[in-house]
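Observations on chain architecture
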Amino acid sequence: MDAPHTPDEFDAHAARAIRIIESMPGFAWSAGPDGRFIYVSPNTLTYLGTAQIELDPLADVDEFGWRRVVHPDDYDRVADRWRHCLRTGEAYNAEHRLRRADGVYRWFRNFGTPSRDTEGRITEWYGTTIDIEELKQTEEALSERERQLRELIETLPAMIWSTTPSGEPIFFSRQFRDFLGFDVADKDIPGVPRLTGVLNAHIHPDDLDAVNALFARCLVTGNPYALKHRQRGFDGVYKWVETRANAMRNRKGLITQWNGICFDIEDLMRVQSALQANERELSQLVDMVPSHVWRLTPDGEPTFFNKRMVDYLGFDVADTIKPGISRLVVLTKSAIHPDDAEAFADTLDNSLRTGEPFAIKYRLRRTDGVYRWMSSRAEPLRDSSGRIAQWYGLCHDIDDQVSIAEELRLAQERLARSTQAASLAELSASIAHEVNQPLAAIVANSHACHRWLTADPPNIGRAQKTVERVIRDTNSAAEVVGRIRALFKQSAETRHLTAIDSVIDEARELLANEAMRRRIRIEMDIGEYPPLAALDPVQIQQVLVNLMRNGMEAFGDDDSDRTLQVRVRRTIDAIQTEIRDRGRGIEFPDRIFEPFFTTKENGMGMGLAICRSIIESHGGRLWVEKNEPRGAAFIFTLPVGTKAAV
Amino acid sequence: MTTRDHIVFIVDDDIRIRDALIELLESHGVRAAAFASAGDYVKAAKPDLPACLILDVELPDISGLELQKQIAAGGHPPIVFITGHGDIPSSVQAIKRGAVDFLTKPFSDADLLAAIDAAVVQDTSARAKRAELALLEKRYGELTSRERDVLPLIVSGLMNKQAAAELGISEVTLQIHRRKVLQKMGAASLADLVRMAQRLEIPVTHSRRPGGA
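Note that the structure is predicted; figures quoted are calculated from it, not measured.

In this assembly, 20 residues from chain B lie in contact with 22 residues from chain A. Interface area, chain B with chain A, both sides summed: about 1900 Å², of which 55% is carbon and sulfur. Of the charged contacts, one joins B:Glu23 and A:Arg462 as a salt bridge, the two residues approaching to 3.1 Å between their closest N and O atoms. Scanning the region where chain B abuts chain A turns up 11 residue pairs in polar contact (both at pLDDT 80 or more). When residues of the side of chain B that touches chain A are assigned to their parent elements, the largest contribution, 9 residues, is made by helix H1 (residues 15-27) of chain B. Considered class by class, the residues forming the side of chain B that touches chain A number 6 nonpolar, 5 polar and 9 charged.

Take a look at the structure:
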């Protein structure tokens, strides 16, 4: 718009200016150098709900005329400012509330610029007032939120801190300040970066390097910071904390701040290290126990061998993992003695299915190839619902004991057998020998005597000598018979009232290992309260061992029904004991009790003869029958009670 | 049977048996000598008479059966075993190895004397045979080497002519040798000589048949 020149142009110009002013959204005004209004735009007056006259100053009460429309709380401040600007000529800029026509106060920003004459004197002030109520509300809301956030951070039970992108600490939350006993700037040393001062004040000297190094790296990379370290609070005691910090970025992705948090892990560390120590101790315990400790899944797959077991076997669980085969099978094939493998697998299988604890003895291969007898026991660990979670087992080396026990048992057996065998055969042999010697001498002497007496002439002298010899030898023969009788008498005295089931139990004990080796189950059917019988337990035990062993030997390797039955029955006046096998049966039932009859390669054939002789000397009977569906039944009776035959 | 021309040896560790048996035998006029162990018997000097050995099976040092085995080679008196036990396998073994009898104590005098008789008869005959053989061997030893060459030829039935040809001598020379052989050997006939040759186990290496050797 060109500057006006003519009066009409001036008028038009003025009119235009007024229209512009009056159509502006803000309020326009002008005031004199004394600060009183000269002009107030119509929309202002409409807004305020006053006429211009009402904005005239009122001496003493209303210096500038707008006391009534400015909020009472703001008036003094605004008036002071206005006065200051009037005096100094500074541009006027103030925020205050104005009262609307309806009485509602709203915030406004008031701008005023002085207009000067050629001498620099202020001639008039021109101003604009803009409604900033919404802006203000927003500002206040923001401010409130900021306050709340700050309060949040302050009240959070966490040690929170912030640094600039270059790592200068700028904020510690209340918790942190309370903990440290100092604030961000309190440790400032001139010439030293603030961060250094802060860290040195509270980080454990041994961890300082790590903290510095990691933080420096994070500042460069922008990656999150995380570190466990020790720091001390105002009480001077170092504690373990975990510090984590993230970079805060603006909309362009540039880091504007680092925000971090420290949380106390002292207890956690203590618990962890206690746990670790405990774990080490337990692990040591498991490894040092002088037994093998092992663990299986509910399916029987090995998952753990203790160190002793690993050292013994020469391999660990990991070595049993082969494609396509179960670990248990690998273990069994590599380490269990082939003769024991089946029994082992069967027993384990049974336990896995039924959940019953298992106990089994077997030979385990040592790393040098030697097999040793082990006694293994395992029990299931159940979870809260009763399901099996793991099987835990212990495997104990009993090889020495087994060898000794086995040797002892064999020695005892041999002794028993030889004594037994000797007792009858040797007895009869020694009787024969001892008696026959003097008898033969007697016979020869007698005949000689007869010859001397019938000679021609009779030789009385020599006859006499022979008779003396006969007398002497007869006495010696009588003595022998007496001794033998004494022997028998003694054995009758070793009989006493005994319960047959205890004798059977002992016999079973003696044969337990052999039964296990032959995979034969001995089934007992004793019945309740078997009556007592007068018997020599050693002899009857020998009979039982003999019959039971015979029964076991009757089973061939292929027989599947491997049960040996021992039954005790009561008859009217006797106890009847039956030993029934399902083996190959008796080929010569009529001859087996004969002395020296045997179908065995290394048999002497005396066993059954002796058994029968023992039973008969007890007043009982021993015989054999066919067992159904196959096999043999050896049956003997013993008289009940005190009836004991001599 | 005269009572002086044989002796019975008794080996038994039981003095009662030894004394009783000596008594019995002497009452029958039979000479007897007793020993307590196999060793004692073997070591003792024994008279050169037909004899019988009554041997107990159960001896302290070695069993009677073992002794039988050990003296089998030598030329020993026939054995009559006596035993207090009497198990069958031992008796079978004893008889198989040539014992005369196997008696179990107490045995009757009749059985014992019968066994001794049989043994002595056997031993007498054995001794005679041995003596005879010894004589033959002596006589054979006195033959010249040429005569020893002739002997197998004539006992194999070769004719004088063949035998002479075999040796490369004249028939006449051969006949001289032949007569000498018969005379020195004390053979009454060719058949006799043949029997002697068999006893001496001289191999018959030639045969009358052509191409035979």
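Structure's up, so let's keep going.
Once that is clear, we can look at the packing of aromatic side chains. Counted by the stated rule, this structure contains 21 aromatic pairs over all chains. Ring pairing ties together the aromatic residues A:Trp29, A:Phe37, A:Trp82, A:Tyr92 and A:Trp125, which thus form one cluster. The aromatic ring of A:Trp107 is capped on one face by A:Lys136, whose charged end is 4.5 Å from the ring centroid. Its guanidinium or amino end placed over the ring of B:Tyr41, B:Lys46 lies 4.4 Å from that ring's centre, counting from NZ or CZ.

Looking now at a negative patch on the surface. A grouping of A:Asp2, A:Asp8, A:Glu9 and A:Asp11 is seen on the molecular surface, where their side chains present a negatively charged patch. Judged by relative accessible area, which is 36%, A:Glu9 ranks as partly exposed.

Attention now goes to the pattern of salt bridges. Residue and element names in this part refer to chain A. Applying the stated rule across the entire model yields 53 salt bridges over all chains. A salt bridge links Glu151 to Arg174; its shortest N-O distance comes to 3.5 Å. Note that Glu151 is positioned in helix H4 (residues 133-155) and Arg174 in helix H5 (residues 174-180), a separation of 23 residues in sequence. For Glu151, a relative accessible area of 33% corresponds to the partly exposed category. As a salt-bridge pair, Arg270 and Asp267 come within 3.7 Å of each other at their nearest N and O atoms. Separated by 3 residues within a single helix, Arg270 and Asp267 lie in helix H8 (residues 266-288), roughly one turn from each other. It is possible to trace a salt-bridge network through shared partners that takes in Glu95, Arg109, Lys136 and Glu139.

About the criteria used
- Residues numbered from 1 in each chain as written.
- Chains lettered and ligands numbered in written order.
- Predicted model: local features only at pLDDT ≥ 70, side-chain atom pairs only at ≥ 80, totals over all residues.
- Heavy atoms only, no water.
- Contact = heavy atoms within 4.5 Å.
- Buried area = accessible area lost by both parts, 1.4 Å probe.
- Salt bridge = Lys/Arg side-chain N within 4 Å of Asp/Glu carboxyl O.
- Polar contact = N/O pair within 3.5 Å; in protein donor to acceptor, adjacent residues only side chain to side chain.
- Helix = DSSP H or I, 4+ residues; strand = E, 2+ residues; numbered from the N terminus.
- Nonpolar A, V, L, I, M, F, W, Y, C, P; charged D, E, K, R; others polar.
- Phe/Tyr/Trp six-rings, centres within 6.5 Å; stacked < 30°, edge-to-face > 60°.
- Lys NZ or Arg CZ within 6 Å of the ring centre and 35° of its normal.
- Patch = residues over 30% accessible without salt bridge, like charges linked within 9 Å, V, L, I, M, F, W, Y side chains within 5 Å.
- Areas by Shrake-Rupley, 256 points an atom, 1.4 Å probe, with all protein chains shown as cover.
- Lys, Arg positive; Asp, Glu negative; His and termini not counted.
- Charge placed at Lys NZ, Arg CZ, Asp CG, Glu CD.
- Buried < 20%, exposed > 50% of the residue type's maximum accessible area, 1.4 Å probe, protein only.

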